[in-house]
Amino acid sequence: MWTRTHCLWRSAGRLGRQLCTTSASQARIFVDRENQFAHGVLMDSPKPYQILRPTSDSHWRDLPATEGFMRPQSDATPAELYADFHSLVGHCIRLDLQISDARYDAFTRCYCEQLHRLADDQLLGSLGALAELPTPESPKMRNYMELWNTMDIECCRRIERWSSEQLLLVSDAWYRLGLVRIGEFVWLALKKLGRRLRKLPPEQLVHSMFLCNLLRRPVFEMFDFELNLARCVDQMTLHELGVMAMGFFKTQTPIRSPELLAQLYQRLANELDTVEDIALVALLKVLRYSSKLPQVEPLKGLLSDLESQVERVSLLTCLHMALLGCELQTCNDALVERILLRFERELDTARLKDMERICLVMALFNLNTASGVEHRVANRLPDLLRQRMEEILRHPRCFTNCLQFLTMRGICDVELLGVALEPRFVQHAYRSGLPGREYFHLDGYARFLGDHEYQGPLLSERQRQQMGRLYTQYIPERDGRFKLNGTDRILVEIKDAISLLHRPVSFKHILPQYDRCDVVLCYDHRQRKALPLDAEACPDYSGEILSRRQLLGESRAADDQVATVVIVVAGWNNVIREKDRFTGQMEMKLRQLRQLGHLPLVIYWHEWRELETSADRQDFLRRRLSQVAKI
């Protein structure tokens, strides 16, 4: 097995070198369909959006074939300079020449020196004309960079005297140039617009959010966007709301208003049959990112409504429909089954990132459908991953996440696992710093396979120790320096309650790849008493998987009269809402605890909260310990 795995990695290494040597030639101008769609919403709207319309091709063909720009005059009037610049652009277009051509050097230098003399409309026209040039190889190309950089400086100088309409119009010119994130103007213009964000009319609000989406960072207090949106949401089309949703998501800004979220859920449900894919995906993303427990009911309603849309929309849109309930562990089994059936038909065309996300859906929701489609899809994925080495080398963490999610479905390809754990691949995926949490899980899974099933590489002991310190949560203490969350508080209460029945009991990370610790009780049935742990063999935060031998020592580990009970709290995020099943990760944890010989005792958060008195809690624990371990 290891020989085949090594060959697979070596072939990946050769491909990786090819990708590295051709990375410059593969640098591409990425056409962002999402941004194009959003800009199209603005352009096609009857509302007064400030859009710089492109000049027709006939304009440049019909320009007089003068070459006055070849002899630039520093004392020329702004109108003459402006006309000469248009002639230069027309010359470039007719002859299909780049502006970096040496014959344009003198005029470019002169134009940059005199640019400050141009009127506002001439400066705007210059930006529009610059966008009509034959596509440059790079924004840093000679003459081209000098022109746009000088225009950026001049636009920034005029920000304070320009109105909101003018700022948005010039910003649109910079969007057409594709230089929004490189130049300074749009950033500074948005900072000025942010001073009166709550008062902007709907079309200026949407346009401003479109620019924030382009910058992919919040420019000012994004809550002002939300306040204004709540005021004028009914005046916007669903596609305009999609543009707003893009901005919220790209700037990592959740919507906090329950009323606004309710309106978005309702609008989307009412217009599902006509909404375009990109707007639908944007709205699904921001709803997933923003929804909390109060939004569970509208979320369930929307999931039901989406069932009828699976065959109408794209595969990527289907994926985001499946992901919608992930944050709140809310699964519509019928919807997910339909989406998986669609994925099964089109799996060969799916991207690696799409495979990663559909694996997440199958792993998290842990569903078993009547058609069995989840098993068929999961079983096909390892062979498909072998065919995606180029994508894997570009997105190595998608590959390792896929493998982790597949293990939660009980699918493990030892060859691919060996490739993922190969030290050179680990270094490739995480070039600096510690490998991610998924590696903690994959390494633990490989150790559970044992030498008879897996002979490939593993993480080093030092790496596991570092992960144990970094990726596991602190052991909760009632009066500790860290504030307890709901599940930690229940853990402390359980430990206190069980200590009144049996002592000693301890907190331990039996499986350190799962961040939360559990309550451990070692009980000798012969002596009818709890036993202390071997403290030296199982130190805290060591990253080591704790078997019975480490908890009890060599002599007691094989004694079937000594039980090691691991009390696991199932919080609301460990179970699928309103379903009788755990998440895939929780199911895997319980399975691995049993594989180690421990007896897992699961206590749901809601059943513990229903116990009001200390006596109720002790009676409850007696019953559960008797059921699980006959204690």
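Preceding block: the structure.
What counts, and where the lines are drawn
- Residues numbered from 1 in each chain as written.
- Predicted model: local features only at pLDDT ≥ 70, side-chain atom pairs only at ≥ 80, totals over all residues.
- Heavy atoms only, no water.
- Helix = DSSP H or I, 4+ residues; strand = E, 2+ residues; numbered from the N terminus.
- Buried < 20%, exposed > 50% of the residue type's maximum accessible area, 1.4 Å probe, protein only.
- Contact = heavy atoms within 4.5 Å.
- Areas by Shrake-Rupley, 256 points an atom, 1.4 Å probe, with all protein chains shown as cover.
- Lys, Arg positive; Asp, Glu negative; His and termini not counted.
- Charge placed at Lys NZ, Arg CZ, Asp CG, Glu CD.
- Phe/Tyr/Trp six-rings, centres within 6.5 Å; stacked < 30°, edge-to-face > 60°.
- Lys NZ or Arg CZ within 6 Å of the ring centre and 35° of its normal.
- Core = buried A, V, L, I, M, F, W, Y, C linked by side-chain atoms within 4.5 Å.
- Axes fitted to C-alpha atoms, helices over the stretch in contact; angles between N-to-C directions.
- Left-handed = near helix turned anticlockwise from the far one by under 90°.
- Polar contact = N/O pair within 3.5 Å; in protein donor to acceptor, adjacent residues only side chain to side chain.
- Expected span 1.5 Å × (residues − 1).
- Salt bridge = Lys/Arg side-chain N within 4 Å of Asp/Glu carboxyl O.
- Pairing = 2+ DSSP bridges.

Student: Quick one: what's the story with the overall build of the protein, residue by residue and with numbers?
Tutor: On a plain count of helices and strands, the protein comes out with 31 helices and 5 strands. On the principal axes, the C-alpha backbone points of the protein span a range of 105 × 60 × 50 Å. When each of the 631 residues of the protein is scored for burial, the buried share is 56%. Restricting to contacts in the protein with at least 6 residues of sequence separation, those with at least 24 account for 75%. In the form shown here, the protein has an accessible surface area of approximately 28,800 Å², with 48% of it arising from carbon and sulfur atoms. Averaging the locations of the 84 positively and 82 negatively charged side chains of the protein gives two centres separated by 4 Å.

Student: How would you sum up the environment of L190? Please name residues and give values.
Tutor: For L190, the position within the fold is in helix α9 (residues 185–193). Its relative accessible area of 0% is what places L190 among the buried residues. A C-alpha to C-alpha distance of 62 Å links L190 and H452, two positions 262 residues apart in sequence.

Student: Give a description of the packing of aromatic side chains that names residues and reports values.
Tutor: Inspection of the entire model under this criterion finds 11 aromatic pairs. When the ring centre of W187 is taken as origin, the NZ or CZ atom of R217, which lies over that ring, is 3.7 Å away. The positively charged end of K495 is found above the aromatic ring belonging to F507, 5.6 Å away from the centroid.

Student: Residue-level account of the nonpolar core, with values.
Tutor: Core analysis: the largest hydrophobic core is formed by 188 residues, its most contacted members being W174, F185, F225, L268 and Y439. Sort the elements by how many residues they give to this core and helix α18 (residues 352–365) lands first, with 9 residues. Those residues within four positions of F225 in sequence are excluded, and the remaining contacts are L197, L205, S208, M209, C212, F220, M244 and F248.

Student: Help me get a handle on the packing of helix α8 (residues 164–177) against helix α10 (residues 202–215), residues and values and all.
Tutor: Helices that pack against each other are described as a pair by the angle of their axes relative to one another and the distance between those axes. Viewed as axis vectors pointing N to C, α8 and α10 meet at an angle of 35°, and their least axial separation amounts to 11 Å. Along this stretch, α8 crosses α10, giving a crossing that reads as left-handed. Here α8 contributes S164, E165, L168, S171, D172 and Y175 to the contact with α10, which in turn contributes Q204, H207, S208, F210, L211 and L214.

Student: Could you give an account of the side chain of Q309, naming the residues involved and the relevant values?
Tutor: Within the secondary structure, Q309 sits in the loop between α15 (296–306) and α16 (315–323). Of the polar contacts made by the side chain of Q309, one reaches the side chain of S308; its length is 3.3 Å.

Student: Provide a residue-level description of unusual backbone geometry, including the pertinent values.
Tutor: With glycine set apart, most residues show a phi of negative sign, and most peptide bonds adopt trans. For the bond running from R503 to P504, omega is 0°, close enough to zero to count as cis. Here P504 lies in the loop between α26 (486–499) and β1 (506–508). Positioned with a positive phi, N143 is a non-glycine residue whose angle comes to about 70°. One can find N143 in the loop between α6 (120–130) and α7 (144–157). Notably, K630 is not glycine yet its phi reads approximately 55°, a positive angle. Mapped onto the elements of the fold, K630 is located in the segment after α31 (614–629).

Student: An account of α10 is needed here, citing residue identities and associated values.
Tutor: Over its 14 residues, α10 extends 20 Å from the first C-alpha to the last, a length consistent with the 20 Å expected when each residue adds 1.5 Å. Counting buried positions over the 14 residues of α10 gives 14, a clear majority of the element. One or two residues past the end of α10 sits R216, with phi positive at roughly 60°.

Student: Kindly report on the side chain of Q295, identifying the contributing residues and their values.
Tutor: Residue placement: Q295 occurs in the loop between α14 (277–290) and α15. Given the relative accessible area of 6%, Q295 is considered buried. When near neighbours in sequence (up to four residues on either side) are disregarded, Q295 contacts P258, L261, Y265 and S290.

Student: Give a description of the pattern of salt bridges that names residues and reports values.
Tutor: Here the structure, examined in full by the defined rule, presents 40 salt bridges. With a closest N to O distance of 3.3 Å, R161 and D120 form a salt bridge. Placement of the pair is R161 in the loop between α7 and α8 and D120 in helix α6, with a sequence separation of 41 residues. Residue R161 is classed as exposed on the basis of its relative accessible area of 55%. Here K579 makes a salt bridge to D333, at a shortest N to O gap of 3.9 Å. One end of the pair, K579, is in the loop between β4 (562–570) and α29 (584–595); the other, D333, is in helix α17 (residues 333–346), with 246 residues separating them in the sequence. Note on K579: relative accessible area 32%, which makes it partly exposed. Given a relative accessible area of 24%, D333 falls into the partly exposed group. Each of D120, E154, R157, R158 and R161 takes part in one network of salt bridges that share partners.

Student: An account of α29 is needed here, citing residue identities and associated values.
Tutor: At 3.6 residues per turn, the α-helix brings residues three or four places apart onto the same side. Relative to the 16 Å expected for 12 residues at 1.5 Å per residue, α29 spans 16 Å between its end C-alpha atoms, a close match to the ideal helical length. Buried within α29 are the following residues: G584, M586, M588, K589, L590, Q592 and L593.

Student: Help me get a handle on the environment of V575, residues and values and all.
Tutor: Summarising the element assignment, V575 is placed in the loop between β4 and α29. Spatially, the C-alpha atoms of V575 and N35 are 37 Å apart, while their sequence positions differ by 540 residues.

Student: With reference to specific residues and values, describe the pairing of strand β2 (residues 518–524).
Tutor: Across the 7 residues that make up β2, a large majority, 7, are buried. Along β2, one buried face is formed by D518, V520, C522 and D524 and the opposite face, lined by V519, L521 and Y523, is buried too. In this sheet, β2 lies alongside β1 in antiparallel orientation, the contact comprising 3 bridges. Bridge pairing in β2 links F507 to V519. In this sheet, β4 lies alongside β2 in antiparallel orientation, the contact comprising 6 bridges. Each residue of the ladder has a partner; that of V520, found in β4, is V566. In this structure, β2 lies alongside strand β3 (residues 529–531), joined through 3 bridges in antiparallel fashion. Among the inter-strand pairings, D524 is bridged to a residue of β3, identified as K529.

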